[in-house]
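One letter stands for each residue in the lines below.
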Amino acid sequence: MTNVTQMNETDRQYYFMEKASGHVAKLGEELGRRPTCCVTTFGCQMNARDSEKLVGILEKVGYEIIEDENADFVIYNTCTVRDNANQRVYGRLGVLNGYKRKNPHMKIALCGCMMQEPTVIEKIKNSYRFVDLIFGTHNIFKFAELLCSLFENEGMVIDIWKDTDKIVEDLPVERKYSFKSGINIMFGCNNFCSYCIVPYVRGRERSRNPKDIIREIEGLVADGVVEIMLLGQNVNSYGKNLEEPITFAQLLQDVERIKGLERIRFMTSHPKDLSDELIEVMKHSKKICRHLHLPLQSGSTKILTAMNRRYTKEQYLELAEKIRKEIPDMAITTDIIVGFPGETKEDVDETIDVIRRVKYDNAFTFIYSKRTGTPAAAMEQVPEELVKEQFDRVLKTVQETAREQVSRYQGQICDVLVEEINENDSSLVTGRMSNNTLVHFPGDISLVGKLVNVSLDECHGFYYMGHMVQS
Ligand code: SAH
Ligand code: SF4
Ligand code: F3S
């Protein structure tokens, strides 16, 4: 028999899944029912994809996946990009403790970006002693192994790695949606924007092998997926450090050739690395969606420099203009931070100027959050009361341009991928246009996962009401 330490990592983890299945089955016998598990995700699409990997393993070892946090096993996959994400986790942990007091079998696990911060681990060890398992972003592939430790050990199990160069392929995944899926194409980030904690908690940039990516997408398409989103903190630098370097634009062309795949999305593009080659590929593609998320952060060159974004206001504007000219139906969305150290009203005027000129289709605006360990944390901070006023000005401008942009398609017919039954009115379904705008229209569950033609009858700010038409 092969020794478990000599196996390749994927096989090792399947070995632990077998073992964990035994533990879960035994727990099921004790409970007289199938043990339940709930995974709650905070943060970005990358965390959402990680949660799908956790759920894949949990299902495989025998848990019943439920939405209710009053479960036998609860996992919080955490985010630490802004402090309010952390506070939400601490708040909800209190509620979980209440459930745990009533269910002696209950186990609580924490993972994700927050766990990569040593101060967080200290705080949990001291004040949240009811937590059973803590692991980080770099060793999530060994979740099956950690599950076994959870069953086999008393007390809190903590396993955090500082970094890794490992990418483990072919572990189970359970998708949230049958018809669309995120795909990691790279992990980590090397950009070190001065406000951002992501490079510290996600480690250095590593690209997956293009063959592994294509194989995964082919598998998904065979399983009914029609839309994929390629995920990375900066997809535009994909492939640079591979043994056989390849550009993101080349990868997109390979993905485009996959038969049966209808739509390709990606997140996120750093403006400093967006190439002409990429614009050209997007322009001629039939599958790449007409949506580009191009985070601005600030419109002031002074602030951009302090942020270490490595582009100026003018370079950003030039890029946006080039995209608008080459691909006029491309929706451009963005992220903006207000209240970065040293930001004045005049700097915010520059940001507003960029918003008006680019005319974003949508924008996420964030109040700057000081992250311990980042260079910006040591800079002189802007008083909170000044930030609020500037934030409101930015938000108002964004809403104006978004309303104008979204309404551009009023009266036209476009293809919509139906995602779900409408949350508020079950006689309607909700779908997305290629440019990511939401559309609601009469329909039923049989349409979910299908691409249909919809007439965009009425624009309501950020979404349309429409009706289906024959193609
Ligand atoms: N890699 C992506 C961003 C990931 S984080 C990119 O560079 O575009 C998502 C967004 O969170 C960022 O674009 C930024 O606008 C915001 N963000 C990151 N750190 C922040 C902080 N310390 N305070 C407020 N917003 C922050
Ligand atoms: Fe953070 Fe900048 Fe990396 Fe985006 S590119 S994850 S903002 S450091
Ligand atoms: Fe948050 Fe981590 Fe994503 S910090 S935004 S979950 S990479």
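Notes on the structure in this doc start here. Since we're looking at a predicted model, the values are computed, not measured.

1. Quick look at the packing of helix α1 (residues 9-31) against helix α5 (residues 143-152)
- The geometry of α1 relative to α5 is characterised by a closest axis approach of 7 Å and an angle of 35° between their N-to-C directions. Where α1 crosses over α5, the two elements pack in a sense that is left-handed. Listed contacts from α5 to Glu9, Arg12, Gln13, Phe16, Met17, Lys19, Ala20, His23, Val24 and Leu27 of α1 are Phe143, Ala144, Glu145, Leu147, Cys148, Phe151 and Glu152.
- The residue inventory of the contact of α1 with α5, partitioned by class, reads ten nonpolar, two polar and five charged.

2. Looking at the pattern of salt bridges
- This structure, assessed with the given rule, holds 39 salt bridges.
- Residues Lys345 and Asp349 are paired through a salt bridge, measuring 3.9 Å at the closest nitrogen-oxygen approach. You can see Lys345 and its partner Asp349 sitting in helix α12 (residues 345-358), four residues apart, about one turn around the helix.
- The partly exposed category is assigned to Asp349, whose relative accessible area is 32%.
- Two residues, Glu400 and Lys396, come together in a salt bridge whose shortest N-O distance is 3.4 Å. Of this pair, Glu400 and Lys396 are both found in helix α13 (residues 384-406), four residues apart, which corresponds to roughly one turn of the helix.
- Overall, Lys396 belongs to the exposed group, its relative accessible area being 53%.
- Residues joined by salt bridges that share partners form a network here, namely Arg49, Glu52, Glu169, Arg208 and Glu216.

3. Let's talk about helix α4 (residues 118-127)
- If you check which residues of α4 are buried, you get Val120, Ile121 and Ile124. Each buried residue of α4 sits inside an arc of 100° when the element is viewed along its axis, so together they form one side. Opposite the packed face of α4, turned more than 90 degrees from it, sit the exposed residues Pro118, Thr119 and Asn126.
- Here the buried face of α4 lies against α3 (83-102), β4 (107-112), β5 (133-135) and β6 (157-159).

Analysis parameters
In this convention, every chain numbers its residues from 1, walking through the sequence in written order. Chains and ligands are labelled by the order in which they are written, letters from A for the one and numbers from 1 for the other. Owing to the predicted nature of the model, reporting of local features is limited to residues with pLDDT of at least 70; listing and counting of side-chain atom pairs is limited to 80 or more, with chain, interface and lining totals taken over all residues. Side-chain metrics rest on all non-hydrogen atoms present in the structure, leaving aside hydrogens and water. Axis definition: a line fitted to C-alpha atoms, over the contacting stretch in the case of helices. Angles run 0 to 180 degrees between N-to-C directions. Secondary structure elements follow DSSP: runs of H or I no shorter than four residues count as helices, runs of E no shorter than two count as strands, and numbering proceeds from the N terminus. Left-handed describes a crossing whose near helix is turned anticlockwise from the far helix through less than a right angle; right-handed describes the clockwise counterpart. Working rule for contacts: check all heavy atoms of both residues, and any pair within 4.5 Å makes them a contact. Any residue outside Ala, Val, Leu, Ile, Met, Phe, Trp, Tyr, Cys, Pro, Asp, Glu, Lys and Arg is labelled polar, Gly included; the first ten of those are nonpolar and the last four are charged. Take a side-chain nitrogen of Lys or Arg and a carboxyl oxygen of Asp or Glu: if they are within 4 Å of each other, that pair is a salt bridge. The buried label goes to any residue with under 20% of its type's maximum accessible area, the exposed label to any with over 50%, and the partly exposed label to all in between, with areas taken from a 1.4 Å probe on protein chains only. An arc is given here, and it is the one of the directions from the helix axis to the C-beta atoms.

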